[in-house]
Amino acid sequence: MATLTVPPTLTSPRDDAMQLYRAFKGFGCDTAAVVNILAHRDQTQRALIQQEYRTMYSDDLCNRLSKELSGNTKRAVLLWMYDPPGRDAAIVRQALSSEIDLKAATEVICSRTSSQIQHFKQLYYARFRVYLEHDIERQTTGDHKKLLLAYLSAVRYEGPEIDRATVEHDAKALYKAGEKKLGTDEKTFIRIFSERSRAHLAAVDSAYHSMYSNSLKKAVKSETSGLFEFGLLTILQCAQNPGKYFAKVLRKAMKGLGTNDSTLTRVIVTRTEIDMQYIKAEYRKKYGKSLNDAVHSETSSNYRTFLLALLGPNH
């Protein structure tokens, strides 16, 4: 469920392109005007505005935005201009090449569905002329690498049906591979976590709980570590409740001293047109305050205005 609010007066992509051109003209950029237009346009409208801008001014709108904006506002707006698969490809490429951030790359890959991954893998190759798998081979190691490569290549079922017998079989296999033995059989964890559907994994978790009175999440935490553990937990928590998972990620980005703006921006921009209503509801339920209020107190000026516009009304 998206949170994007439609502007009170409907404008055409051509009008928007003209308004943006005006905002760039003269001394300094009218950032507030840019934010006010783009934060209220959905994916299709943003694509049309970019086309119109190129046609009217023989210029690339994203290049222009890159020159005119700065700091967190620039990063957020440029990320917003992509369509979702293009955005995922851009985030992962950056996390694996220029600003090495393996946690960000792992979060994006392990929180996406099978079809979302197939889509952004194609765009990754089309845009960067390198296979995503090659970048992962280059930047990651050990079980973390094996998990990401398996997760990227497996085609998972995306429907709600599950097979009880397979669920119990997997719960037993995970217990044998982890808590029951000395050391851990990582291969079993990788196979089950990368091949099974979300509905199936959520069912395995509850079967595990009733069979061994321990949660699968705790088992993963005690049996694995580092980025491998982070990847497995991301897959598991997104199978159970993606809204709750991202609410936690946002909370962590804003907790303590300073704010992790790249995480804050990444999660809000990538989830706005997918499931932001659910994330907001989970945030309020878990932390007793609205996500809007939290973002408001952690950000400022045009950057704050932009993120709050994406989050939609505070209710």
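Residues numbered from 1 in each chain as written. Predicted model: local features only at pLDDT ≥ 70, side-chain atom pairs only at ≥ 80, totals over all residues. Heavy atoms only, no water.

Caption draft 1: Looking closely at the overall build of the protein chain. Looking only at helices and strands, the protein chain has 20 helices and 0 strands in total. Its C-alpha atoms give the protein chain a radius of gyration of 21 Å, near enough to 20 Å, the size a compact globule of 315 residues would have. If you line up the protein chain on its principal axes, its C-alpha atoms span 70 × 45 × 40 Å. Within the span of the protein chain, comprising 315 residues, buried residues form 47% of the whole. Sequence separation of 24 or more characterises 68% of the internal contacts of the protein chain that already satisfy a separation of 6 or more. Surface summary for the protein chain: the accessible area is close to 15,000 Å², and the carbon and sulfur share equals 51%. (Helix = DSSP H or I, 4+ residues; strand = E, 2+ residues; numbered from the N terminus. Rg over C-alpha atoms; globule rule 2.2 N^0.38 Å. Buried < 20%, exposed > 50% of the residue type's maximum accessible area, 1.4 Å probe, protein only. Contact = heavy atoms within 4.5 Å. Areas by Shrake-Rupley, 256 points an atom, 1.4 Å probe, with all protein chains shown as cover.)

Caption draft 2: Summary view of the side chain of Glu223. Structurally, the position occupied by Glu223 is in helix α14 (residues 216–223). In this structure, Glu223 is buried with no salt-bridge partner, the nearest side chain bearing the opposite charge being Lys181 at 8.6 Å. Here Thr184 takes part through its side chain, which lies 2.7 Å from a polar atom of the side chain of Glu223. Those residues in contact with Glu223 that lie beyond four places of it in its chain are Gly178, Glu179, Gly183 and Thr184. (Lys, Arg positive; Asp, Glu negative; His and termini not counted. Salt bridge = Lys/Arg side-chain N within 4 Å of Asp/Glu carboxyl O. Polar contact = N/O pair within 3.5 Å; in protein donor to acceptor, adjacent residues only side chain to side chain.)

Caption draft 3: The packing of helix α15 (residues 226–240) against helix α16 (residues 242–254), seen in detail. Running from N to C, α15 and α16 point in directions that differ by 130°, and their axes come no closer than 6 Å. Considering the angle they form, α15 stands oblique to α16. For the pair formed by α15 and α16, the contact residues are Phe230, Thr234, Gln237, Cys238 and Gln240 on the first element and Pro242, Tyr245, Phe246 and Lys248 on the second. Considering only residue class, the contact of α15 with α16 consists of 5 nonpolar, 3 polar and 1 charged. (Axes fitted to C-alpha atoms, helices over the stretch in contact; angles between N-to-C directions. Parallel < 35°, antiparallel > 145°, perpendicular 65-115°, else oblique. Nonpolar A, V, L, I, M, F, W, Y, C, P; charged D, E, K, R; others polar.)

Caption draft 4: Spatial organisation of the side chain of Thr113. Looking at the secondary structure, you find Thr113 in the loop between α7 (102–110) and α8 (114–128). Judged by relative accessible area, which is 19%, Thr113 ranks as buried. If we skip the residues at most four places from it in the chain, Thr113 touches Arg156, Glu158 and Arg198.

Caption draft 5: Fine view of the environment of Gly183. When you line up the elements, Gly183 lands in the loop between α11 (164–177) and α12 (186–195). Each residue touching Gly183, except ones within four places of it in the same chain, is listed here: Ala177, Gly178 and Glu223.

Caption draft 6: Region of the structure containing the packing of aromatic side chains. Per the stated rule, a full pass over the model turns up 12 aromatic pairs. Seen in terms of ring centroids, Phe24 and Tyr53 are 6.2 Å apart; in terms of plane orientation they differ by 75°. Their pairing is edge-to-face. Of the two residues, Phe24 is situated in helix α1 (residues 13–24) and Tyr53 in helix α3 (residues 43–57); the sequence distance between them amounts to 29 residues. There is no split in this pair, since Phe24 and Tyr53 are both buried. (Phe/Tyr/Trp six-rings, centres within 6.5 Å; stacked < 30°, edge-to-face > 60°.)

Caption draft 7: Spotlight on the pattern of salt bridges. Scanning the entire structure with this criterion turns up 15 salt bridges. Asp170 is the partner of Arg196 in a salt bridge, and the nearest nitrogen-oxygen pair spans 2.6 Å. Remark: Asp170 occurs in helix α11 and Arg196 occurs in the loop between α12 and α13 (198–212); sequence separation between them is 26 residues. Among the ionic pairs, Glu282 bridges to Lys285, the shortest N-O distance being 3.8 Å.

By themselves, these observations are geometric and do not establish any function.
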